[in-house]
Amino acid sequence: MSLTEAIGDLHAALDIGAKRMPDLLGESTAILDKAVERRSLGADVTIVALAGSTGAGKSSLLNALVGRQIARTSAIRPTTSEALAVTNTQAADVLDWLEIHERHEADLTAAGGMVLIDLPDIDSTEFVHRETAKKLTSLVDVVVWVLDPQKYADAVVHEDYLSNLAEHAATTIVVLNQADRLDDETLTNVVSDAERLMREDGLEVDVIPTSAVTGRGLVKLWERLDRIVEDKSAADERLAADIRTAGRNMVGGIHTRGGKKPGQATDPDFTPVAAALAKAGGADVVADAAAGSYTKRARAASGWPVTRWLAQRKIDPLKRLRLDGDRAQVTGTSEYVSPALATAAQGRVRDYVDESTAHMPREWARDVQSEMGERAERFLTGIDRVVTGVDVEAKRRPAWWFVFNLLQWLALIVAIVGGVWLLLLIFADTLKLQLGEPPAWGIFPAPTIMLVGGLLLGWLLAAIGRALAGAGANRTRERVRRRLATAIGDEARAELLTPLEEERATYARFFDLLGSLARAAS
């Protein structure tokens, strides 16, 4: 991956991380700022700094490298209180960026533009000196670590600096200064031990013995610096190493906080959650009301016309829920739903979110769980708008209702005609009516057959109508329940599942971005 692409990925990762895990970013934001600023300065000038502990001889080594007295040396510590720079080219913009005020010029190298910096001691007793050294070692392109033969294993150097430079071998040089103080055998052993410590720090570099007094190792050191300056890639190498380190540290921070690879995420089934939300939203209550409404209206349509008014006296269950109209409105469903169902649904959502975010770092998962809990509460509060948008068949009138209603009225009319006929026959003499013998079927006269038959047909139609109404009510209940479950489930997926999946995708993207930083190259 090119450095430009790596900087873009780092920027994208920081945008994500700043929202969910700001404490994970560490120095990554500073690295991004540095990358933008350093690249704007160009690669024509290579920035090299001499860093080390008190008494390591950085200033003496700089004077020896330059070939004349520039840095002040003294037995009094600390000697270097402020960073000073030596340049062989116009580098005011670079030095302004580094905020170095003491500036000198010298013929450092013919390989290209170079800034050579003498830093304050990294273990200075003065806090401001330590902070200056820390800041500049993070900004320069190449660091020459100057070790003292007596303190080359110093914890400050290794734990605070070198152990974090596993990716920086190309831009790190280590010298064992004041080599003239050791005999050859001791020097060989010390160099070997110093290189062992470097390897333990994860830094694969050779240790160059140097001496500002005898000039030992200066030619070898200059050869290394000349190659780096001539190559003009040290700035990009350092930035790429910084980005790789940032990515590695952030991935390590994710694992420390309980995070796992996105590939280890589980994908629980959302169906039980949707079902619980549907119950809490009153799907069963509304479905039962739709069935009750169907039964009431079916009996009113197919029952005996004389007694239909009894059925009509009962309140329509859908009307009780305010679902009998065409216009969407706030329903009364919540009044008939047990609060325990809402609690159970929220528990289902919580369990689902916990399982879905189990692979995320703890603080990220907690944030998502809190947000999803609030979303679930808002969803249940506003579930009426979903219910009112579902067809609960409040206006449905099956064709058989019309047929039964017609037959009931015909049977009633036949029974009334038969009854009136019989009354006229009974009171014919009293009323002085001349009525002939009515037709008969066997021993049953037609009026009797009409009266009894009409009544029996009405009763039979009512009985059959009740049976059909019961079956139709059951089918209505299931249809309405399915519609509600589907509508509430779809809305739950849009309002709850989709944001959760987006959050999981964001985490996967964040993890992938951090992984890509490990491939940053100059």
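Residues numbered from 1 in each chain as written. Predicted model: local features only at pLDDT ≥ 70, side-chain atom pairs only at ≥ 80, totals over all residues. Heavy atoms only, no water.

Trainee: Tell me about the overall build of the protein, and please be specific about residues and values.
Mentor: Helices and strands together make up the secondary structure of the protein, namely 18 helices and 9 strands. Its C-alpha radius of gyration of 45 Å places the protein more than 25% over the 24 Å reference for a compact globule of 522 residues. Dimensions along the principal axes, computed over C-alpha positions, put the protein at roughly 155 × 40 × 35 Å. Each of the 522 residues in the protein was classed as buried or not, and the buried ones make up 48%. (Helix = DSSP H or I, 4+ residues; strand = E, 2+ residues; numbered from the N terminus. Rg over C-alpha atoms; globule rule 2.2 N^0.38 Å. Buried < 20%, exposed > 50% of the residue type's maximum accessible area, 1.4 Å probe, protein only.)

Trainee: How would you sum up the pairing of strand β6 (residues 172-176)? Please name residues and give values.
Mentor: The buried fraction of β6 amounts to 5 of the 5 residues, a majority that puts the element mostly inside the structure. Taking every second residue as pointing to the same face, both faces of β6 are buried, with Thr 172, Val 174 and Leu 176 on one and Ile 173 and Val 175 on the other. What joins strand β5 (residues 142-147) to β6 is helix α6 (residues 155-160), and the crossover it makes is right-handed. (Right-handed = clockwise from strand over helix to strand, strands pointing away.)

Trainee: Could you give an account of helix α15 (residues 362-381), with specific residues and numbers?
Mentor: Taking 1.5 Å per residue as the helical rise, α15 with its 20 residues ought to reach 28 Å, and the 29 Å between its terminal C-alpha atoms agrees with that figure. By the burial criterion, the buried members of α15 are Glu 363, Trp 364, Ala 365, Val 368, Met 372, Ala 376, Phe 379 and Leu 380. Looking at the buried side of α15, the elements it contacts are α1 (3-20), α10 (271-280), α14 (339-356) and α18 (446-517). (Expected span 1.5 Å × (residues − 1). Contact = heavy atoms within 4.5 Å.)

Trainee: I'd like a rundown of the side chain of Gln 408, residues and numbers included.
Mentor: Within the element layout of this structure, Gln 408 appears in helix α17 (residues 399-426). Gln 408 gets classed as buried once you look at its relative accessible area, which sits at 0%. A polar contact of 2.8 Å, which involves the side chain of Gln 408, links it to the backbone oxygen of Ser 302. Each residue touching Gln 408, except ones within four places of it in the same chain, is listed here: Ser 302, Gly 303, Trp 304, Pro 305, Arg 308, Gly 458, Leu 461 and Ala 462. (Polar contact = N/O pair within 3.5 Å; in protein donor to acceptor, adjacent residues only side chain to side chain.)

Trainee: Help me get a handle on the sheet that holds strand β2 (residues 84-87), residues and values and all.
Mentor: Taken in spatial order, the 7 strands line up as β3-β2-β4-β1-β5-β6-β7 in an open sheet, and their pairing is mixed. Each end of this open sheet is capped by a strand with a single partner; those strands are β3 (102-105) and β7 (207-209). Pairwise comparison of adjacent strand axes, ignoring direction, gives a mean angle of 25° for this sheet. Its contacts with the sheet put helix α7 (residues 184-200) on β5, β6 and β7, and the angle it makes with β7 is roughly 155°. (Pairing = 2+ DSSP bridges. Axes fitted to C-alpha atoms, helices over the stretch in contact; angles between N-to-C directions.)

Trainee: Give me the nonpolar core: which residues, what numbers.
Mentor: Grouped together as the largest cluster of nonpolar side chains are 67 residues, with contacts concentrated most on Ile 243, Met 250 and Leu 277. The element contributing the most residues to this core is α18, with 13 residues. Non-local contacts of Met 250, meaning those with residues more than four positions away in its chain, are made with Leu 10, Leu 14, Leu 24, Leu 25, Ser 28, Leu 514 and Leu 517. Counting 40 residues, the second-largest nonpolar core is a separate cluster that includes Ala 51, Leu 98, Ile 100 and Leu 136. (Core = buried A, V, L, I, M, F, W, Y, C linked by side-chain atoms within 4.5 Å.)

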